[in-house]
There are 4 protein chains.
Amino acid sequence: MAGNSFGEVFRITTFGESHGAAIGVVVDGCPAGLPFDLTFIQQQLDRRRPGQSAISTDRKESDVVEVLSGVFEGKTTGTPVAMLLRNTDQRSGDYDALKEVYRPSHADFTYEARYGIRDHRGGGRSSARETAARVAAGALAQLLLRSAGVQVQAYVSAVGPISLEKAYTELDLSLTDQNIVRCPDVATASQMEALITQLKAEGDSVGGVITAVVRALPAGLGDPVFDKLEADLAKAMLSINAVKGFEIGSGFAAAAGRGSAFNDAFELRNGRVRTQSNHSGGIQGGISNGEDVYFHVAFKPVATISKSQQTVNRSGEATELQAKGRHDPCVVPRAVPIVEAMTALVLADHWLRMRMAKL
Amino acid sequence: MAGNSFGEVFRITTFGESHGAAIGVVVDGCPAGLPFDLTFIQQQLDRRRPGQSAISTDRKESDVVEVLSGVFEGKTTGTPVAMLLRNTDQRSGDYDALKEVYRPSHADFTYEARYGIRDHRGGGRSSARETAARVAAGALAQLLLRSAGVQVQAYVSAVGPISLEKAYTELDLSLTDQNIVRCPDVATASQMEALITQLKAEGDSVGGVITAVVRALPAGLGDPVFDKLEADLAKAMLSINAVKGFEIGSGFAAAAGRGSAFNDAFELRNGRVRTQSNHSGGIQGGISNGEDVYFHVAFKPVATISKSQQTVNRSGEATELQAKGRHDPCVVPRAVPIVEAMTALVLADHWLRMRMAKL
Amino acid sequence: MAGNSFGEVFRITTFGESHGAAIGVVVDGCPAGLPFDLTFIQQQLDRRRPGQSAISTDRKESDVVEVLSGVFEGKTTGTPVAMLLRNTDQRSGDYDALKEVYRPSHADFTYEARYGIRDHRGGGRSSARETAARVAAGALAQLLLRSAGVQVQAYVSAVGPISLEKAYTELDLSLTDQNIVRCPDVATASQMEALITQLKAEGDSVGGVITAVVRALPAGLGDPVFDKLEADLAKAMLSINAVKGFEIGSGFAAAAGRGSAFNDAFELRNGRVRTQSNHSGGIQGGISNGEDVYFHVAFKPVATISKSQQTVNRSGEATELQAKGRHDPCVVPRAVPIVEAMTALVLADHWLRMRMAKL
Amino acid sequence: MAGNSFGEVFRITTFGESHGAAIGVVVDGCPAGLPFDLTFIQQQLDRRRPGQSAISTDRKESDVVEVLSGVFEGKTTGTPVAMLLRNTDQRSGDYDALKEVYRPSHADFTYEARYGIRDHRGGGRSSARETAARVAAGALAQLLLRSAGVQVQAYVSAVGPISLEKAYTELDLSLTDQNIVRCPDVATASQMEALITQLKAEGDSVGGVITAVVRALPAGLGDPVFDKLEADLAKAMLSINAVKGFEIGSGFAAAAGRGSAFNDAFELRNGRVRTQSNHSGGIQGGISNGEDVYFHVAFKPVATISKSQQTVNRSGEATELQAKGRHDPCVVPRAVPIVEAMTALVLADHWLRMRMAKL
C-alpha cells in the first residue's frame with residue numbers, strides 16, 4: 001500500500017536509503033526447493049554496480065550481498081529470502097549543500113511535498129541506489145524462470161540520437177555485455193560510448209532506450225482484465241527511475257497502421273499453434289501466446305548534470321545549482337540488469353499465478 | 001489476485017461477459033459523504049456506448065446503469081457501490097462460427113491456453129464491453145476528484161497516420177466532444193473521420209493515439225518506489241484492450257535528448273514553487289509536483305476486420321476467417337472516456353492514499 | 001482495504017444493504033473448469049433464508065440467486081462469478097422510528113461515528129442480511145472443496161445454557177438439518193427449541209455456540225507466519241455478526257493444562273503419519289496436518305429484543321426503545337450455513353495457495 | 001500472499017529463522033514525521049527476550065535491534081523502516097538429533113508436508129523467535145498510537161488452572177511488570193510462579209491466558225464487513241504461536257446469556273455517547289465505539305517438554321523423543337509483549353485506515 005512492495009505471489013519489499021546503513025529486499029513467496037545460486041545473484045549486482053566502467057559514476061560500492069534467511073542447505077525453503085547490501089562509500093558531505101535546495105527534475109521537492117520531511121543525502125530513498133535491491137530479487141526470480149527454461153535478456157538499443165536500426169531478431173544478444181555500453185552491435189556501441197564520453201566531459205547527460213526480450217515463455221501467463229501481462233510489465237518499467245515511456249510489440253507504430261497489416265495470422269508450426277508475425281509482442285488479450293515477448297523502455301537523460309542550473313531553495317528563493325554528487329552521464333548501460341530484474345519479477349509472479357487458473 | 005480488481009483504497013472489481021446476463025462493477029473504498037451524481041455517470045457511459053455514431057459498431061446497447069448499493073439519500077455511505085449494466089443486444093448467433101476458430105490478434109487462443117475453456121460469444125470476458133464497467137466506476141472517481149477541483153480530460157490526438165501537431169496547451173479541450181472523432185481540432189477531426197469512414201468501407205481498421213491531461217492536481221500524489229504515479233498510470237492504460245504504448249511528459253523524445261535541455265528548472269511563481277518547463281509531465285520521483293500531468297496512449301488497429309484472414313481452428317487445422325461480428329473500424333473515439341475513467345481511478349486511489357503519508 | 005473483500009486467491013467482494021435494491025457477491029479467482037451446481041448454491045441459501053421456521057424472523061425473502069457472469073455451459077470459466085439476490089420484503093417503514101435512535105449493541109452509533117452518515121433501514125450494511133452473499137459464495141467454495149473430497153459441516157452445539165455434552169466424534173452430523181435448531185442430537189435439540197420459543201414469547205433473545213468440523217482435508221494448508229490456517233479461520237468467524245469467541249482444537253481448555261497431556265503423539269497408521277489424539281484441532285504451526293479440523297464459535301444473544309430498552313438519540317437525549325423490526329430470537333440455527341460458508345471460503349483460498357508453496 | 005506480511009496500511013513483513021543469520025522486519029506505511037524512540041523499541045524487545053528470568057528458556061540472545069532505514073534526524077520519513085536482530089546463541093548442534101524426527105505438536109511434520117523441505121534447527125521459521133520481529137514492529141506501532149493517546153496493555157490472567165478472578169477494571173495494570181510472571185495481582189503471581197517452577201522441574205509445561213486492554217481508543221476504527229476490528233484482532237492473536245482461543249468482551253459467556261442482560265444501553269456521559277455496560281468489548285458492528293477494548297487469548301502448553309514422548313521419524317518409524325533444546329515451561333509471561341505488539345499493529349493499521357472513511 002505504501003509503494004515499497006511489488007508482485008502478488010512472488011512479492012518483494014525493498015528498503016533503504018542511498019546514504020543510510022544499508023539497502024535490502026525481502027522476497028516473500030519464492031517457492032521451496034529452488035536451488036539458490038548466490039554467484040549468479042552477485043553477478044547481476046556487479047552488472048549494476050556503480051564505478052564499473054569509465055562511463056559510470058565514480059561512487060564505489062562493492063555491493064556484496066548478504067543472505068539473511070530463507071535458504072537452507074543450498075535451497076529455498078518457502079520462507080522469506082532477505083538480502084542485505086551495506087552502504088559503504090557514503091560521502092554525505094557532498095550533499096550538505098543540497099539540504100536546502102530543490103534539484104531540477106529530481107524528487108527533492110515532491111518528497112518534501114508528500115512527506116513533509118526528506119533525507120537529502122544522495123536523494124535518500126529516491127536514489128537509483130534502491131534498484132540494487134531489485135536486481136538482487138530479480139536475480140532470484142530469474143533463477144526460478146531459468147528452472148523453467150525461460151530466458152530474459154535486455155540491451156541498450158539507443159543512446160540519445162544514436163539508435164540501433166536492427167530488430168532484436170537480427171542481433172546476437174550474447175554480445176551485449178562485451179562492451180561497457182551493453183549494446184550488442186559493436187559499431188553502434190562504439191558511437192554510443194563516444195557520445196557518452198563527450199557528454200561527461202561537457203558536464204551534461206543523455207537519455208536512451210533499452211529493449212527487452214523474453215524467449216521460451218509458455219502460453220498462458222497474465223491475469224486479465226487489469227493484470228494483463230503487458231500492464232504489469234508497463235508498471236514495472238515505469239517504476240524504474242527516469243523511465244518515461246514503454247511500448248510492447250509494435251507499440252506506437254501500430255497506432256499509425258491498419259488491422260490488415262498488423263494482425264498476426266495463426267498457423268500450425270511444428271505441431272504448435274504459432275503466429276506468422278509478432279506485432280502483438282507475444283501477448284494477446286493480456287495473456288502470453290508462446291511467442292517472444294519484447295518491448296522498449298525510454299529513459300530520460302540523467303537529471304544530475306554538472307552544468308549550472310537555476311532553481312529555488314526551501315524558502316522559495318531563486319538560487320543557482322552546481323551539482324557535486326557523483327553520477328552517470330547516461331543511465332542505460334547500468335539499467336540493463338534493472339530492466340531484466342523487473343521483467344523477471346513480473347514473469348515469476350505470473351508464472352506462479354498461472355497455477356491457479358484451472359481446476 | 002485474479003486480475004479483475006484495480007486500485008488499493010479506491011478499489012474496483014468488474015465482472016461480466018460480452019454476451020452474458022450483465023456486466024457490472026463493485027467500487028469499494030469510495031469515502032462516505034460524496035454527492036452521487038447519477039446523471040454524470042450515465043453521461044460518461046453514453047460517451048462510450050456502442051452505436052453512438054456512424055463510425056462506431058452497430059451493436060445497440062442502451063447501457064442504462066442501475067445502482068444496487070452504497071448510496072443513501074443522494075450520498076455515498078462508505079459501503080460498496082455496485083453498478084449493473086444488463087446486456088440486451090446479444091446476437092450470440094453471430095459468433096457460432098467462431099466457437100472453433102482462433103481469431104488473429106484476439107484473445108481466443110490465449111484464454112483457451114490459460115483457462116482450458118472459453119466463452120466464445122463476442123469474446124466473452126476479453127471483449128471491450130467490459131470497459132463499460134470501468135467507465136461507470138471511473139465516473140464515480142471523477143466525482144471524487146471534481147469535489148477537489150481536479151480535472152481529467154482526454155482526446156484523440158492521432159488516427160492512423162493523421163496526427164495532431166499541436167500540443168495540448170495549444171488546444172481548446174472543451175471542443176473534444178463536438179465531433180464524433182473526439183479530436184478538439186476541427187480540421188484534423190475531419191480528416192480523421194474521412195479516414196475511418198474509408199477504412200470501414202474497405203473492411204479494414206486503423207489504430208490511433210489518445211492524449212490525456214490532468215489539471216489542478218496538487219503536489220504529493222504517488223507512492224514510490226513501485227507505485228509511482230506514472231507507473232500506476234502506465235498499468236492502467238496498458239490494461240485497456242488494444243493499448244500497445246504509453247509515454248508520460250517528454251516520453252520517448254526524452255530518450256534522444258540531453259539533461260541540460262530536458263531538466264525542468266524550478267522558480268517561484270505566484271507564491272508557489274513551479275517548474276518553468278514541464279518535460280516531467282507533472283511527476284518527479286513518482287510523485288506529482290503540482291504541474292499538469294499529461295501522457296499519450298497508443299492503440300493498435302482493431303483486430304476484427306471484415307477482410308478475409310488466415311488462421312487455425314481448435315484442432316490446429318488451417319482455415320480462412322471472414323468476420324461477421326459488429327465492430328468499430330477505429331477504437332479511439334469511444335476509448336476517450338475509457339482513458340479518462342482509468343486515469344480518474346488511479347488518481348482517486350492516490351488521492352486517498354496521500355492521506356496516510358504524514359503523521 | 002475497505003473491508004468488503006475476503007480471501008487472497010479465492011477472493012470475494014460482497015455488496016448491498018438490508019433494504020437497498022439488492023445484495024450480492026463477486027467471486028474472483030475461482031479456477032476454470034469447476035462444474036457449477038446452482039441447485040446446491042440455492043439450497044445453502046435456503047438454509048440461511050429468513051422465515052424458514054417458527055423460531056426465525058418473520059421477514060420473508062425468497063433469496064433466489066441470479067448468476068450474472070463467470071459460468072459458461074455449466075462450468076466456471078476462470079472469470080468473476082457474480083451472484084445477485086434482490087431484496088423484496090422491505091418494510092422500511094418499520095425502521096422510520098430508528099432514524100434518530102441508536103439501538104443498544106447494534107452498529108447504528110458506530111457506523112455514524114465512522115462514516116458520518118448511515119442507512120438506518122434495517123441496519124443497512126451492518127444487517128446480517130449481508131451474510132446471504134457470503135453463503136452464496138461459500139457454496140461455490142464448497143463445490144471446489146467437494147471436488148477434492150473435503151467435507152465441511154457445522155452444527156449448533158449450545159443455545160444459551162443448554163449445551164451439547166458430546167464431542168463431534170460421538171455425533172451423527174447427517175442429522176443436523178433434521179430439526180429446525182440444527183443440533184444433531186434430537187433430545188438436546190428439543191430442549192433448545194423449547195428455550196428459543198419461550199424467549200421469543202418473552203420478547204428476549206439468547207446466544208449460542210456453533211461447532212464446525214472439516215474432514216478429509218489434506219496436510220499442507222496454511223501460510224505461516226501470519227496467515228496460519230487457524231488465524232484465517234478465526235478472522236472469518238469473528239467477521240460474522242454477533243460472534244464473540246473462537247477456539248480451535250482444545251481451545252481455552254488447553255490453557256489450563258499440561259504439555260504432557262495435550263501434546264499429540266505421532267504414529268504411523270495405515271501407511272500415513274497420524275496423530276494419536278487431536279488436541280491441535282488438525283493444525284500445527286499454522287498448517288493442516290491431515291487430521292480433522294474442528295472449532296467452536298460463540299454467538300452473543302441477538303441485540304434486537306422486543307423488551308423496552310434505554311438508549312439515546314442522535315442529539316444525545318435519553319429515550320426508550322421498543323423494537324418493532326422482525327428478528328430472530330436466537331441466531332445460531334440460521335448461522336450454521338454461514339459458519340460453513342466462511343469455513344469453506346478460508347479453505348478454498350488456502351487450497352489454491354498451497355499450489356504455490358513448492359517448486 | 002505467502003503469509004509473512006500483516007496489515008494493510010501499516011504493513012509489516014518479517015523474515016528469518018531461529019538459527020539463521022538474523023531475523024528482522026520491514027515496516028511499510030508508517031507515516032512520516034513520527035518521533036522514533038529507539039529506547040522504547042529496545043525495551044519491548046527486552047521484555048520478550050529469552051533468558052530474562054528463572055522461568056524462561058536458557059537461550060541467551062541480546063536481541064539488540066539495528067535500524068537500517070526509514071529514520072532521519074530522529075523521525076520517520078515515510079519510507080520503509082527495516083529493523084534487524086542478529087542471532088547469536090545458536091546451538092544448532094542441539095537440534096541435530098531432530099533432523100529426522102517429528103516433534104509432537106510442533107510444526108516439523110506440517111512444514112515438511114507443505115514445503116517438502118525444512119530447516120530443522122530450532123524449528124526454523126516456525127520458532128517463536130520470529131515474534132521478536134513482531135515486537136520490534138509493534139513497538140513502532142505503539143509509538144504511533146501513543147502519539148494519539150491510545151494505551152495498549154496486556155497481562156497474564158491465567159497459568160494452567162490458576163486464574164485471576166478479578167476483571168481488568170479491578171486491577172492496577174502498572175504492576176504487571178513488577179514480577180516475572182507478568183500478572184498484576186501479587187498473590188496470584190506468586191502461585192503462578194510456583195506452579196511454573198514446579199513444572200520446569202518435572203520437565204513438563206503448562207498453558208495460560210493473556211488479557212489485553214486498550215484504553216482511550218476513539219470511536220470509528222474497523223472496516224466492516226470482513227475487516228471488523230475484532231476479526232482482525234482475532235487473526236492477529238491466532239497468528240501467535242501456541243494460541244488456541246480468542247474471546248472479545250463477554251466472549252463465550254455471552255453465548256450462554258440473554259439479550260436483555262447482555263445489551264449495552266447507551267447514555268450521555270460527560271457530553272459523550274457512552275454505554276452503561278461494556279459486554280461488547282468496545283466494538284459494535286465491527287467498529288470501535290469509544291469504550292475500552294478488551295479480550296482474552298488462550299495459549300496451549302509449550303509443546304517442547306523434557307519428558308519422554310512417542311513419535312515417528314521421517315521414514316515413518318516409531319521412535320522415542322527426549323527433547324534437549326532450551327525452552328520455556330510456560331510461554332505466557334514472555335508472550336505479554338507479543339500480544340501487545342500484535343494488538344498495536346492492528347490498531348495502528350486501522351487508525352490510518354479510518355482516515356479514508358469519509359470525504
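Refer to the preceding data block for the structure.
Reference entry: report on the structure contained in this document.

Turning to the relation of the copies chain C and chain B, a few remarks are in order. Note on the copies: chain C fits chain B at an RMSD of 0.0 Å, the axial shift is 0.0 Å, and the rotation between them is 180°. Expressed as a symmetry operation, the mapping of one chain copy onto the other fits a two-fold axis. Comparing interface residues between copies, 100% of those in chain C also lie at the interface in chain B; the contact surface is shared.

Attention shifts here to the packing of aromatic side chains. One pass over the structure, following the stated rule, counts 30 aromatic pairs over all chains. An angle of 35° between the planes, with centres 5.4 Å apart, marks the rings of A:Phe226 and B:Phe6 as tilted. Of the two residues, A:Phe226 sits in the loop between strand S10 (208-215) and helix H5 (229-238) while B:Phe6 sits in strand S1 (residues 5-6), which places them in two different chains. One aromatic cluster is present, formed by A:Tyr102, A:Phe109 and B:Phe266 through successive ring pairs.

On the secondary structure map, D:His19 appears in the loop between strand S2 (11-16) and strand S3 (22-28). Polar contacts involving the side chain of D:His19 include one to the main-chain carbonyl oxygen of D:Arg121, which spans 3.3 Å.

All names here are of chain D. Read from one edge of the open sheet, five strands run S1-S2-S3-S7-S4, paired in antiparallel fashion. Looking at strand neighbours, the two that pair on one side only are strand S1 (5-6) and strand S4 (66-67), the edges of this open sheet. Judged from the two bridges that link them, S1 and S2 form a sheet pairing that is antiparallel. Pairing of Ser5 across the sheet is with Thr13, part of S2. Lying over the sheet, helix H3 (residues 131-147) contacts S2, S3 and strand S7 (81-86), oriented at roughly 30° with respect to S3.

So, on to the relation of the copies chain C and chain D. Put simply, the second copy of the chain is the first one after a rotation about an axis and a shift along it. Least-squares fitting of chain C to chain D yields an RMSD of 0.0 Å, with the superposition described by an axial translation of 0.0 Å and a rotation of 180°. Both copies present the same face, since 100% of the interface residues in chain C are matched by interface residues at the equivalent positions in chain D.

The next subject is the packing of helix H3 (residues 131-147) of chain A against helix H8 (residues 332-353) of chain A. Residues and elements named next belong to chain A. One can describe the packing of H3 onto H8 by two numbers: an axis separation of 7 Å at closest approach and a directional angle of 50°. Compared by their axis directions, H3 and H8 come out oblique. Once H3 is placed against H8, the crossing between them reads as left-handed. Taken together, the residues of H8 that come into contact with H3 (itself represented by Thr131, Arg134, Val135, Ala137, Gly138, Ala141, Gln142, Leu144 and Leu145) are Pro337, Ile338, Glu340, Ala341, Met342, Ala344, Leu345, Leu347, Ala348 and Leu352. The residue inventory of the contact of H3 with H8, partitioned by class, reads 14 nonpolar, three polar and two charged.

The rules we used
Residues numbered from 1 in each chain as written. Chains lettered and ligands numbered in written order. Predicted model: local features only at pLDDT ≥ 70, side-chain atom pairs only at ≥ 80, totals over all residues. Heavy atoms only, no water. Least-squares fit on C-alpha atoms with pLDDT ≥ 70 in both. Contact = heavy atoms within 4.5 Å. Phe/Tyr/Trp six-rings, centres within 6.5 Å; stacked < 30°, edge-to-face > 60°. Helix = DSSP H or I, 4+ residues; strand = E, 2+ residues; numbered from the N terminus. Polar contact = N/O pair within 3.5 Å; in protein donor to acceptor, adjacent residues only side chain to side chain. Pairing = 2+ DSSP bridges. Axes fitted to C-alpha atoms, helices over the stretch in contact; angles between N-to-C directions. Parallel < 35°, antiparallel > 145°, perpendicular 65-115°, else oblique. Left-handed = near helix turned anticlockwise from the far one by under 90°. Nonpolar A, V, L, I, M, F, W, Y, C, P; charged D, E, K, R; others polar.

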